[in-house]
Amino acid sequence: PEGGFDWAAVRVRNSQGVTGAWDRDRIAVALVRESGLARELADLVAAEVEAQIAQAGIQTMTTSLLRELAGAKLVEHGLRGARDRQRRLGVPVYDTARILRGQTAESMHGNPETTGRLLADALKREYALAEVFSPEVAEAHLSGDLHLSPLARVDRLFAGAHDLAGAARHGVRLHGGLPFAPPPETPDTLLAQWLKWHSLLGPLFSARMTWDGANLLAAPFLENLSNADMAQFARMTVYEFAYHALTRGADAPQTRLRLCWSTPPAWKDREAVGPGGKLTGEPVGKYLPAARRLAAALLTVLAEGGRDALPFAEPVVEVVLDETVFADERGMELLGPLAALAGTGGAVRALFDRNPNADARPGGLRAQRVTLNLPRAAFAAGSFGGLCAGLDRLVKLAAQAHVEKRRFTEELLVAGDRGPLGLLAGEWLGGDALRAEDLAFEVAVTGLRECLDALPETAHADAETRAAHAARIMDRLAHACRDQARRHGFPLPPASDTDTETAARFARLDSGAHPGPVAALLEMRPELEGAEYTPGTALEPDTDTAPLPRLRREGAAHALMDTATAAVTLTGAARNPEEIVALLRNTFRETACLGLRFK
């Protein structure tokens, strides 16, 4: 033994459970590889760690303890950057024990799969803040200037609009391009393969998965079905997607089916795919009668609800409405079931397409959403002019976050079909391999109402003045997004974030960081028991009995965004289908709202 310490007796166990002999050189090599230290400095740190072990008389070591000791020495030498690069990510034993025992709010009433997901989420969040995003962006998220959605699923895309025709054309292929099923021949096999593709793609997205124009692209398989068989296909579709939503993991994206009454402008010349994956020789528009029957049938099944008539939480249905729906008497074939579903509290949204010559509906793949805390921006600005300058800074920071996520996503895609995004990087529903150039990155806002409350120019102004200032704020946001998009070379569509959890997080953080301004907001709204921000770009409560004036004001802000929906709470007589149809028609013709969601 050297110096009275028996190094031959020291055993080191690595993270795989393999035990080996002590080797100081391995510490130095690891420091060079992981921290980028020069070899001479790595040898010095390794020697200091070895001396500390001998002084403590430790005989059994783990690589985790060695990392902690080496990290402490790096900090002593002022090498914090090297310390950050070599540290170990993980969850403290105390927190892990509580999660595994169901003693936290998130793990209570869960199961072992739940606890495993929570531990994995904690690790991914830590990695995202440490490695994917820069310290400036990470600090902005942690402090509440902005929100990165969602950190626990940083290795996924945020949202995607998918195409059922790809599944109909190519059948099902598994990860790596392995053929699984040939193109479908019948309505039943079409639905089975549709659901299989949905299950395969779900783990690649964090927020939502939308099947765009689902009724139109399924129509070639259904045109000869009787009304009874069409209703049965619709019932099977709703129940299968609802069951999938109930049995999926808590981190699965929301399922959305987008239905259309007319042929989308971008699909006017598109050839339809029929049974066996064969092109029919006809444009998709030829199958509109069957598509409209399917849309009405799906809405009817959803309005009926499940057992005991309870509404289905999913699938969420997005119905695209254009002028032809309201101008044609046959439009009631769609509007009637849509209104009935909205009146029951079902999960339905109306999207308005007012441009007959362009496909302006939200689609494609969205890699990430960054949400800006508008109330806090107003607190810091103190005036409308200051807020505009502050928005420019926030959008620039959001764009930086998107650049960093884009770089990370490129690293995931470079592995092709062998990587974690293999279904997209290899063969995406029979289409071309996904490239980073195909991705869009959302810059969203929330708390617009409280932002106006915090500004002296609008705090006590009338509704029309507040609406005008709201439109100016969104115009400045859109301008800043265009500017950053030109600088970085990828789309940065502005959006409204209606997620209640994001708004609640901002309000909670601001209560601690800005208690004075938050208290002033509470004085203006005595009905609130605590700090609360209104999600998205809503300017007023959505419980009014005459919503159209409010929707006109809110629509001025929608006109400057890529995606947004206004909330309408239906109570009493407002739940009458005829009243709902009238509201849809008037909102379409008299406002600039991009869409409505019903509560």
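Read on for a plain summary of the structure. (Residues numbered from 1 in each chain as written. Predicted model: local features only at pLDDT ≥ 70, side-chain atom pairs only at ≥ 80, totals over all residues. Heavy atoms only, no water.)

**Some points on the overall build of the protein**
Of the regular secondary structure elements, the protein holds 23 helices and 18 strands. Relative to the compact-globule value of 25 Å for 599 residues, the protein shows a C-alpha radius of gyration of 28 Å, a close match. Principal-axis analysis of the C-alpha atoms places the extent of the protein at approximately 95 × 65 × 50 Å. A total of 599 residues make up the protein; the buried ones form 50% of that total. (Helix = DSSP H or I, 4+ residues; strand = E, 2+ residues; numbered from the N terminus. Rg over C-alpha atoms; globule rule 2.2 N^0.38 Å. Buried < 20%, exposed > 50% of the residue type's maximum accessible area, 1.4 Å probe, protein only.)

**What to know about the sheet that holds strand β3 (residues 60-62)**
Strand order in the open sheet formed by three strands is β2-β1-β3, and the pairing between neighbours is mixed. Every other strand in the sheet has two partners, leaving β2 (19-21) and β3 as the edge strands with one partner each. Put simply, the sheet's adjacent strands are angled 30 degrees from each other on average, direction ignored. Inspection of the sheet shows strand β1 (residues 11-13) paired to β2 by three bridges, in the antiparallel sense. Along β2, the bridge assignment pairs Arg 11 with Ala 21. (Pairing = 2+ DSSP bridges. Axes fitted to C-alpha atoms, helices over the stretch in contact; angles between N-to-C directions.)

**Some details on the packing of aromatic side chains**
Each aromatic ring pair is characterised by the separation of its centres together with the angle its planes make. Per the counting criterion, the structure on display carries eight aromatic pairs. On the numbers, 6.3 Å between centres and 50 degrees between planes, the contact of Tyr 127 with Phe 408 is tilted. Of this pair, Tyr 127 sits in helix α6 (residues 112-132) while Phe 408 sits in helix α16 (residues 384-413), and the two are 281 residues apart along the sequence. Note on Phe 408: relative accessible area 11%, which makes it buried. Geometrically, the ring pair formed by Phe 326 and Phe 588 is tilted, given 5.2 Å between the ring centres and 35 degrees between the ring planes. Within this pair, whereas Phe 326 is found in helix α13 (residues 323-327), its partner Phe 588 is found in helix α23 (residues 577-590), the two being separated by 262 residues in sequence. Each member of the pair Phe 326 and Phe 588 is classed as buried. By way of ring pairs, the aromatic residues Trp 194, Trp 211 and Phe 241 are connected into one cluster. Residue placement shows Lys 196 over the ring face of Phe 180; its charged tip is 5.3 Å from the ring centre. A cation over an aromatic ring shows up here: Arg 292 above the ring of Trp 261, its NZ or CZ 3.9 Å from the ring centre. (Phe/Tyr/Trp six-rings, centres within 6.5 Å; stacked < 30°, edge-to-face > 60°. Lys NZ or Arg CZ within 6 Å of the ring centre and 35° of its normal.)

**Things to note about helix α7 (residues 135-143)**
Where α7 is concerned, the buried positions are Val 137, Ala 138, Ala 140 and His 141. Looking straight down α7, one finds that the buried residues subtend no more than 160 degrees of arc, so they occupy a single side. Packing partners of the buried residues in α7 comprise α6, β4 (146-149), α16 and α20 (500-513). Two residues or fewer past α7, Gly 144 is found with a positive phi of approximately 100 degrees. (Arc of directions from axis to C-beta. Contact = heavy atoms within 4.5 Å.)

**Some thoughts on the side chain of Thr 371**
Following the sequence through the fold, Thr 371 ends up in strand β14 (residues 365-373). Thr 371 sits in the buried class, given a relative accessible area of 0%. In this structure, Thr 371 is in contact with Asp 145, Leu 146, His 147, Ala 444, Val 445, Thr 446, Asp 497, Thr 502 and Phe 506, ignoring residues within four places of it in sequence.

**Things to note about the pattern of salt bridges**
In total, this model carries 35 salt bridges according to the counting rule given. For the salt bridge of Asp 25 with Arg 39, the shortest nitrogen-to-oxygen distance reads 2.2 Å. Taken together, the residues Asp 25 in helix α1 (residues 24-35) and Arg 39 in helix α2 (residues 39-56) connect sequence positions 14 residues apart. Taking the relative accessible area as the measure of exposure, Asp 25 reaches 39% and is therefore partly exposed. Between Arg 208 and Glu 442 there is a salt bridge, with the nearest N and O atoms lying 3.4 Å from each other. Remark: Glu 442 occurs in strand β15 (residues 439-446) and Arg 208 occurs in strand β8 (residues 205-211); sequence separation between them is 234 residues. Judged on exposure class, the residue Arg 208 and its partner Glu 442 are both buried. The network of salt bridges with common partners includes Arg 208, Arg 366, Arg 369, Glu 442, Asp 497 and Asp 562. (Salt bridge = Lys/Arg side-chain N within 4 Å of Asp/Glu carboxyl O.)

**Re the nonpolar core**
Leu 321, Leu 372 and Leu 584 are the most contacted members of the largest nonpolar core, which has 136 residues in total. Top element by residues in this core is α16. It accounts for 13 residues. When near neighbours in sequence (up to four residues on either side) are disregarded, Leu 372 contacts Asp 145, Leu 146, Leu 391, Leu 394, Val 395, Ala 398, Val 443, Ala 444, Val 445, Thr 446, Leu 477 and Phe 506. (Core = buried A, V, L, I, M, F, W, Y, C linked by side-chain atoms within 4.5 Å.)

**Things to note about the side chain of Thr 115**
With respect to the helices and strands, the residue Thr 115 is situated in helix α6. Of the residues examined, Thr 115 reaches a relative accessible area of 9% and is grouped as buried. Look past the residues within four positions of Thr 115 in its chain and what remains in contact with it is Ile 99, Leu 100 and Ser 107.

**What about the packing of helix α22 (residues 548-558) against α23?**
For the pair α22 and α23, the least separation of the axes is 10 Å and the interaxial angle reads 35 degrees. For the pair α22 and α23, the sense of crossing is right-handed. Taken together, the residues of α23 that come into contact with α22 (itself represented by Leu 548, Leu 551 and Arg 552) are Leu 583, Asn 586, Thr 587 and Glu 590. When the residues that make up the contact of α22 with α23 are grouped by side-chain class, the tally is three nonpolar, two polar and two charged. (Left-handed = near helix turned anticlockwise from the far one by under 90°. Nonpolar A, V, L, I, M, F, W, Y, C, P; charged D, E, K, R; others polar.)

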